[in-house]
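Here is how the chains run, residue by residue.
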Amino acid sequence: MQEYKFPEKKDWKQILTRPTANIDEIEQKVIPILEEVKKSGDEAIRKFALQFDNILLNDFQVSQAEIDAAEAKLTEELKSSIKIAVQNIGRFHEAQKSSPEIIETMPGVECWRKSVGIEKVGIYIPGGTAPLFSTVLMLAIPAKIAGCKEIVLCSPSNHPAILYSAKLVGVDKIYRVGGAQAIAAMAYGTETVPQVYKIFGPGNQFVTAAKQLVSKEGTAIDMPAGPSEVAVLADDSAKPAFVAADLLSQAEHGVDSQVILVSTSEKLISDVKKEVALQLESLPRREMASKSLENSKAIFVSTIDDGVDLLNEYAAEHLILCVENAEEVGERIINAGSIFLGYYTPESCGDYASGTNHTLPTNGFAKAYSGVSVDSFVKKITFQKISREGLKKLGPHVSTMAEAESLQAHSNAVKVRLTQD
């Protein structure tokens, strides 16, 4: 973990650089995959499964029998925990629904907005080194609440917890397809995989590039994405063991993950580094976490104010505030995907079961993007209803404005109604 002491503001951008890959090079490898899936459909899916994963796929839709059998392969303890997560995530996201409110902008002129679920959505769950069944919950639950009619899941993993979770939350169809070719299948549709209108979910750099490329062709995506990250702001009151555990919980995601520690205490930084080394030894994924820590930073700042300013510049995916008056400090954070307040709020609770969504903007996109919510799965359609009396009041203003823009037909659309019954 690299250390910085009282860095000047002009150096923040360089210090806070993420370990990202060259997206242009990756896109050049992904484009042929997308084009072939668009052209050859299922045949291309089978070709790339054999080429990249050494798997011969015949029928790659997961059968109902396989889905039903998954439950028996899980412990009762795990199933119980998943159900608690479903309950909490559902409760938090259900509260995000809103009913249309009719606004009378002037007498006889009514306007309102209605949320309509995106009809067909796709969820991608990577195979990788960890079976991310929690992401199935985070995406399918708000999709159901939003009223999406068809939820399609693609994953190269057949882990029973993924299949069980998908069944529990109402995923309609599951396909054993991974990589950029899975994104292409959902974006364009194949003989087997239905086309969807918006794609959600994490993945490696090739999946990320594929999502960004299909978004240029009209398929919506949840958000731009990069490697996962966490930042911790800590003062003298923080427990080094807690902070170290939080940093490692993110570092074990992958070698390109990044963790940032910002502190007003040089002693705390030193103690946290010792704890990291100690806790790292007992982790099964210590080699991966060690690589991630090479991309990570410990930054000593003189005041909490400086720490807040620096972290607003970083715009972390996850931000943990292990400081006195954490809620007060949290109100001053304007750029973050999700904020964890206080000493007993580990980021891992948000990852799994507290109720908030763990699909969050990374790579600084938290400056402009929100995490996934029910809103991510709906489009909002506006309505207006104008009575004849309302048009008499509003119409002349519309005609004046239309004619000022040299759009006479717009003006006529009002005048013809006011001059004829």
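Everything numeric here is computed off the predicted structure, so don't read it as measured data.

## Some words on the packing of aromatic side chains
Part 1: Inspection of the entire model under this criterion finds six aromatic pairs.
Part 2: With a centroid separation of 5.6 Å and 5° between ring planes, the pair formed by phenylalanine 48 and phenylalanine 52 is classed as stacked. Here phenylalanine 52 and phenylalanine 48 lie together in helix 3 (residues 42-53), a separation of four residues that amounts to about one turn.
Part 3: Between phenylalanine 242 and tyrosine 344, the aromatic rings sit 5.6 Å apart at their centres with planes inclined by 70°, giving edge-to-face as the arrangement. Separated by 102 residues along the polypeptide, phenylalanine 242 in helix 10 (residues 240-251) and tyrosine 344 in the loop between strand 13 (336-341) and helix 15 (347-352) bring together distant segments of the chain.
Part 4: A residue is classified by how much of its surface remains accessible, and tyrosine 344, at 65% relative accessible area, is exposed.
Part 5: Over the ring of tyrosine 314 we find arginine 18; its NZ or CZ atom is 3.8 Å from the centre of that ring.
Part 6: Its guanidinium or amino end placed over the ring of phenylalanine 242, lysine 239 lies 6.0 Å from that ring's centre, counting from NZ or CZ.

## Some words on the environment of valine 329
Part 1: Relative to the helices and strands, valine 329 resides in helix 14 (residues 326-330).
Part 2: Remark: the alpha-carbon pair of valine 329 and leucine 233, spanning 96 residues in sequence, is separated by 9.9 Å.

## Digging into helix 6 (residues 133-146)
Part 1: Under the 1.5 Å per step criterion, the end-to-end length of helix 6 is 20 Å for 14 residues, consistent within 8% with the ideal 20 Å.
Part 2: With 13 of 14 residues buried, helix 6 is to be regarded as a mostly interior element.
Part 3: Glycine 147 lies just past helix 6 and shows a positive phi near 95°.

## Quick notes on the side chain of glutamine 258
Part 1: Within the element layout of this structure, glutamine 258 appears in strand 10 (residues 258-263).
Part 2: On the accessibility criterion, glutamine 258 (2% relative accessible area) is buried.
Part 3: In this structure the side chain of glutamine 258 is engaged in a polar contact, spanning 2.7 Å, whose partner is the side chain of tyrosine 314.

## With respect to the side chain of serine 263
Part 1: Mapping serine 263 onto the fold places it in strand 10.
Part 2: The contacts of serine 263, once residues within four sequence positions are left out, are Ala234, Asp235, Leu268, Ile269, Ile299, Phe300 and Val301.

## With respect to the pattern of salt bridges
Part 1: One pass over the structure, following the stated rule, counts 19 salt bridges.
Part 2: Linking glutamate 266 and lysine 5 is a salt bridge whose minimum nitrogen-to-oxygen distance equals 3.7 Å. Within this pair, whereas glutamate 266 is found in helix 11 (residues 266-280), its partner lysine 5 is found in strand 1 (residues 2-5), the two being separated by 261 residues in sequence.
Part 3: The salt bridge partner of glutamate 389 is lysine 392, with a shortest N-O separation of 3.5 Å. Here glutamate 389 and its partner lysine 392 are both found in helix 16 (residues 388-404), three residues apart, which amounts to about one turn of the helix.
Part 4: Under the relative-accessibility criterion, glutamate 389 is labelled partly exposed at 44%.
Part 5: Within the structure, one salt-bridge network assembled from shared partners comprises Glu71, Glu76 and Lys79.

## Quick word on the sheet that holds strand 14 (residues 378-386)
Part 1: Spatial strand order, 2-3-14: three strands in an open sheet with antiparallel pairing. The outermost strands of the open sheet, each flanked by one partner alone, are strand 2 (103-106) and strand 14. Between one strand axis and the next, the sheet turns by 30° as a mean value, whatever way the strands run.
Part 2: The sheet contact formed by strand 3 (residues 109-117) and strand 14 spans nine bridges and is antiparallel. In the strand pairing of strand 14, tryptophan 112 is matched with phenylalanine 383.
Part 3: Along the sheet, helix 16 contacts strand 2, strand 3 and strand 14; its crossing angle with strand 14, the most-contacted strand, is approximately 95°.

What counts and how
- Chains are numbered independently. Their residues run from 1 in the order of the written sequence.
- Side-chain atom pairs in this predicted model are given and counted only at pLDDT of 80 or more, local residue features only at pLDDT of at least 70, and totals for whole chains, interfaces and linings cover all residues.
- Side-chain metrics rest on all non-hydrogen atoms present in the structure, leaving aside hydrogens and water.
- The pairing test for Phe, Tyr and Trp rings, Trp by its six-membered ring, is centres within 6.5 Å, and the orientation test on the planes gives stacked under 30 degrees, edge-to-face over 60, and tilted for anything in between.
- Secondary structure elements follow DSSP: runs of H or I of four or more residues count as helices, runs of E of two or more count as strands, with numbering from the N terminus.
- Only protein chains enter the accessibility calculation, which uses a 1.4 Å probe. A residue is then buried if its area is under 20% of the maximum for its type, exposed if over 50%, and partly exposed in between.
- For a ring to carry a charge above it, either NZ of a lysine or CZ of an arginine must fall within 6 Å of the ring centroid while also lying within 35 degrees of the normal to the ring plane.
- Residue count minus one, scaled by 1.5 Å, sets the expected span of a helix.
- Here a polar contact means two N or O atoms within 3.5 Å. Within protein one must be a hydrogen donor candidate and the other an acceptor candidate, and residues neighboring in sequence count only if both atoms are side-chain atoms.
- In this description, contact between two residues means that some pair of their heavy atoms is separated by no more than 4.5 Å.
- One speaks of a salt bridge when a side-chain nitrogen belonging to Lys or Arg is within 4 Å of a carboxyl oxygen belonging to Asp or Glu.
- Two strands qualify as a pair provided DSSP detects at least 2 bridges between them.
- Lines fitted to C-alpha atoms define the axes here, with helix axes fitted over just the stretch in contact, and angles between the N-to-C directions of these axes take values from 0 to 180 degrees.

That is the geometry; function is a separate question.
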